[in-house]
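# Chains, contacts and geometry: an overview
Spelled out, the chains give:
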Amino acid sequence: VRKEVRELSVTERTSFLQALQCLKSSPSKIAGIGSPSRFDDISYVHYRVMNTAHNSPLFLAWHRAYLYTFEKILQQECGYQGTIPFWDWRVDSTSPTTSPVLDIYGGNGRATDTCVVTGPFANWRSTFASAQCLQRDYLNANQGLVSQSGGFSRESVQYIISTYKNYNDFSSNLEYGAHASVHIGVGGSMYYLTQSANDPLFYAHHTMIDFAWASWQSVNPTTGYQYNNANGAAVISSTQVMDLWGLKADGQPALVAKDMLNTTAGPLCYTYSSSVSSQVPANFVKRDDEIPDLKCREPLPEAFVLANNWPLHKIRQHEKDVCDFVSFCNKDGEFKTHKKRFRAMRAQYRQAHKEYEQKIDGIVKRYHKH
């Protein structure tokens, strides 16, 4: 079972962080690439697939294979006995910069150069795609986590899960939506997709993206396990190999697309926890009169979109669609009632979280009829 970072016990968390340190201090196993460590091997692979595993139907499937391999290497080569955790940034979207997950991963970069100099990854350096310190800039007033939080809120993510019924539409809107918002919001190394896998926080972020895919699959049992578009045509061959550029765990066969569809079947064989920490987040709104309106995400910077060869028009349309839904919710009496009830049920937070998502599903349907 993959757990949310805050669900790990102190012992589990320590073991995971030590396993990451182990990878950073272990020698490379991919010859001829100039990698200084096993962790950098893993980062190198993500750097090499920029044009195939992004802005394409391979986005979700390839990253699922990549994370599975990363997890197996942690277990086999560093003796880690757990699974990779995910960062449920939906929980933190109302006050993202106070998330304890960020503190666990070492916090923000220093003001002078955004280099991370505190925590378990202090003074880490990268080799691919740029030789530099590990950087974060999530307190940036212009495009930090606060400005992007509307893109990874509970409501925005649930809108994507509830609205799109085929793989291609869901994958692309998740990639340009919550996925991009967190990359930009964390900033630094995460801002540049070619460098992003140098930050250990990348893996918690992308495991959350995988969690969202698994959640979408569970509520779309007919189309959720198919690689198709709105017309039912296949967008990925079921036998397409997930190219990992020589990265593999011991005994790991070549992974193909059809292997990536079901997390509970072989070779993957994992599930996810229900995610929400048993401790109500410190930044959770307490009083009804403190409940703010939902926020639209700041538009993705055009330079970021164009640098990654993403379709600007499609992204702007996605931003408008989600913002229109947010505006509808802010005016909708039924939504406000559910929102207040959600915040009132502090003692039953896990159950309230589940019920709230179910209510949003219904509101999404009413919005589309509106």
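Summary of the structure given here. Every chain is numbered on its own, with residues counted from 1 as its sequence reads. With pLDDT at 70 or above as the cut-off, local features in this predicted model cover only qualifying residues; side-chain atom pairs require 80 or more to be listed or tallied, and sums for whole chains, interfaces and linings still use all residues. Excluded from the side-chain calculations are hydrogens and water; all other atoms, namely the structure's heavy atoms, are used.

## Some details on the overall build of the protein chain
Put simply, DSSP marks the helices as runs of H or I at least four residues long and the strands as runs of E at least two long, and each gets a number from the N terminus on. When helices and strands are tallied, the protein chain shows 12 helices and 2 strands. Principal-axis analysis of the C-alpha atoms places the extent of the protein chain at approximately 60 × 50 × 40 Å. The rule is simple: take the accessible area with a 1.4 Å probe, protein chains only, and divide by the maximum for that residue type; under 20% is buried, over 50% is exposed, in between is partly exposed. Each of the 370 residues in the protein chain was classed as buried or not, and the buried ones make up 58%. A fraction of 72% describes how many contacts in the protein chain between residues 6 or more apart in sequence connect residues 24 or more apart. Values of accessible area rely on a 1.4 Å probe in the Shrake-Rupley scheme; residue burial ignores everything except the protein chains shown. Accessible surface, the protein chain: about 15,100 Å² in total, of which carbon and sulfur atoms supply 50%. We score Asp and Glu as negative and Lys and Arg as positive, and we do not count His or the chain ends. Every charge is mapped to an atom, namely NZ of Lys, CZ of Arg, CG of Asp or CD of Glu. Charge centroids of the protein chain, computed over 38 positive and 34 negative side chains, lie 3 Å from each other. Pairs of residues are marked as contacts when any of their non-hydrogen atoms sit within 4.5 Å.

## A few points about the side chain of Glu175
Looking at where Glu175 falls in the secondary structure, it is placed in helix α7 (residues 167–186). When a carboxyl oxygen of Asp or Glu lies within 4 Å of a side-chain nitrogen of Lys or Arg, that pair is called a salt bridge. Of the side chains with opposite charge, Lys314 comes closest to the buried, unpaired Glu175, at an N-O distance of 8.2 Å. If near-sequence neighbours (up to four positions away) are discounted, Glu175 is found in contact with His54, Asn55, Ser56, Phe59, Ala180 and Trp310.

## With respect to the state of the cysteines
Note on terminology: disulfide denotes any pair of cysteine sulfur atoms within 2.5 Å. Under the definition given, this model contains 3 disulfides. Each disulfide pairs two cysteine sulfurs, and for Cys296 the partner residue is Cys323, the sulfurs being separated by 1.9 Å. Between Cys296 and Cys323, the disulfide has an S-S torsion of 85° and is therefore right-handed. Of this pair, Cys296 sits in the loop between α8 (201–219) and α9 (302–307) while Cys323 is found in helix α10 (residues 312–331), placing the two residues 27 residues apart along the sequence. Cys323 gets classed as partly exposed once you look at its relative accessible area, which sits at 23%. Counting only the cysteines that take part in disulfides, in the order they occur along the protein chain, gives the pairing 1-2, 3-4, 5-6. Here Cys329 is not disulfide-linked; the sulfur of Cys296 is the nearest cysteine sulfur, at 10 Å.

## Details of the pattern of salt bridges
When their charged atoms lie close together, side chains carrying opposite charge are able to pair. Taken as a whole, this structure holds 20 salt bridges when the rule is applied. Measuring nitrogen to oxygen at the nearest pair gives 2.7 Å for the salt bridge that ties Asp92 to Arg6. Separated by 86 residues along the polypeptide, Asp92 in the loop between α3 (58–78) and α4 (100–104) and Arg6 in the segment before α1 (10–25) bring together distant segments of the chain. Residue Lys320 pairs with Asp324 through a salt bridge whose shortest N-O separation is 2.8 Å. With Lys320 and Asp324 both in helix α10, this residue pair falls 4 residues apart, about one helical turn. A relative accessible area of 47% means that Lys320 is categorised as partly exposed. Exposure remark for Asp324: the relative accessible area of 29% places this residue in the partly exposed category. Via salt bridges that share partners, Arg2, Arg64, Glu71 and Asp210 belong to a single interconnected network.

## What about the nonpolar core?
When a protein is soluble and globular, its nonpolar side chains tend to lie buried together. In this description, a nonpolar core means a group of buried Ala, Val, Leu, Ile, Met, Phe, Trp, Tyr and Cys residues linked to one another through side-chain atoms lying within 4.5 Å. Membership of the largest hydrophobic core comes to 99 residues, with the highest contact counts inside it found for Tyr66 and Trp87. With 13 residues, the top contributor of residues to this core is α3. One finds Met50, Tyr191, Phe304 and Ile315 within the second-largest nonpolar core, a separate group that totals 11 residues.

## Things to note about the packing of aromatic side chains
Side-chain rings of Phe, Tyr and Trp, where Trp is taken by its six-membered ring, are said to pair if the distance between their centres is within 6.5 Å; with planes under 30 degrees apart they count as stacked, over 60 as edge-to-face, and otherwise as tilted. Tallying each qualifying case throughout the model produces 32 aromatic pairs. Taking the centre distance of 6.0 Å and the plane angle of 70° together, the rings of Phe39 and Tyr203 count as edge-to-face. Linking Phe39 in helix α2 (residues 38–48) with Tyr203 in helix α8, this pair joins segments that are 164 residues apart in sequence. Plain terms: the ring middles of Tyr191 and Tyr192 are 5.0 Å apart, the flat faces sit at 70° to each other, and that makes the pair edge-to-face. Aromatic ring contacts, followed pair by pair, group Phe39, Trp62, Tyr66, Phe70, Tyr105, Phe121, Trp124, Phe202 and Tyr203 into a single cluster. Arg2 extends its terminal NZ or CZ atom over the ring of Tyr270, reaching a point 3.7 Å from the ring centre. Whether a charge lies above a ring is judged from NZ of Lys or CZ of Arg, which has to be within 6 Å of the ring centre and within 35 degrees of the ring normal.

## Structural notes on empty space enclosed by the protein
Whether a set of points on the 1 Å grid over the protein atoms alone is a cavity depends on a 1.4 Å probe fitting there but being unable to get out, while an open set qualifies as a pocket with protein on both sides within 12 Å along at least five of seven lines; lining residues are those with an atom within 4 Å of a point. Grid points are joined across faces, edges and corners, and a volume is the space filled by probe spheres set on the points. A full pass over the atoms with the stated rule returns 5 cavities of 30 Å³ or more. Empty space within the largest cavity amounts to approximately 60 Å³. Every residue along the wall of the largest cavity is listed here: His338, Arg341, Phe342, Met345, Ala352, Glu355, Tyr356 and Lys359. Going through the elements one at a time, α11 (333–344) and α12 (349–369) are the ones with two or more residues in the lining of the largest cavity.

## So, the packing of helix α6 (residues 154–163) against α10
Think of each axis as a best-fit line through the C-alpha atoms, taken over the contacting stretch in the case of a helix, with angles from 0 to 180 degrees between the N-to-C directions. Remark: α6 packs on α10, axes separated minimally by 10 Å, with the N-to-C direction vectors making an angle of 115°. Between α6 and α10 lies a crossing whose hand is right-handed. Residues Glu155, Ser156, Tyr159 and Ile160 of α6 pack against His318, Asp321, Val322, Phe325 and Val326 of α10. Among the residues forming the contact of α6 with α10, the class breakdown is 5 nonpolar, 2 polar and 2 charged. Handedness of a crossing follows from how the near helix is turned relative to the far one, being left-handed for an anticlockwise turn of less than a right angle and right-handed for a clockwise one. In this classification, Asp, Glu, Lys and Arg are treated as charged, Ala, Val, Leu, Ile, Met, Phe, Trp, Tyr, Cys and Pro as nonpolar, and every other residue, Gly included, as polar.

## Some thoughts on the environment of Val186
Mapped onto the elements of the fold, Val186 is located in helix α7. As for Val186 and Gln148, which are separated by 38 residues in sequence, their C-alpha atoms are 9.3 Å apart.

## Comments concerning α8
Expected span of a helix, by definition, is 1.5 Å for each gap between consecutive residues, and there is one gap fewer than residues. Relative to the 27 Å expected for 19 residues at 1.5 Å per residue, α8 spans 28 Å between its end C-alpha atoms, a close match to the ideal helical length. α8 sits mainly inside the fold: 16 of its 19 residues count as buried.

Purely spatial values, then, with no claim about function.
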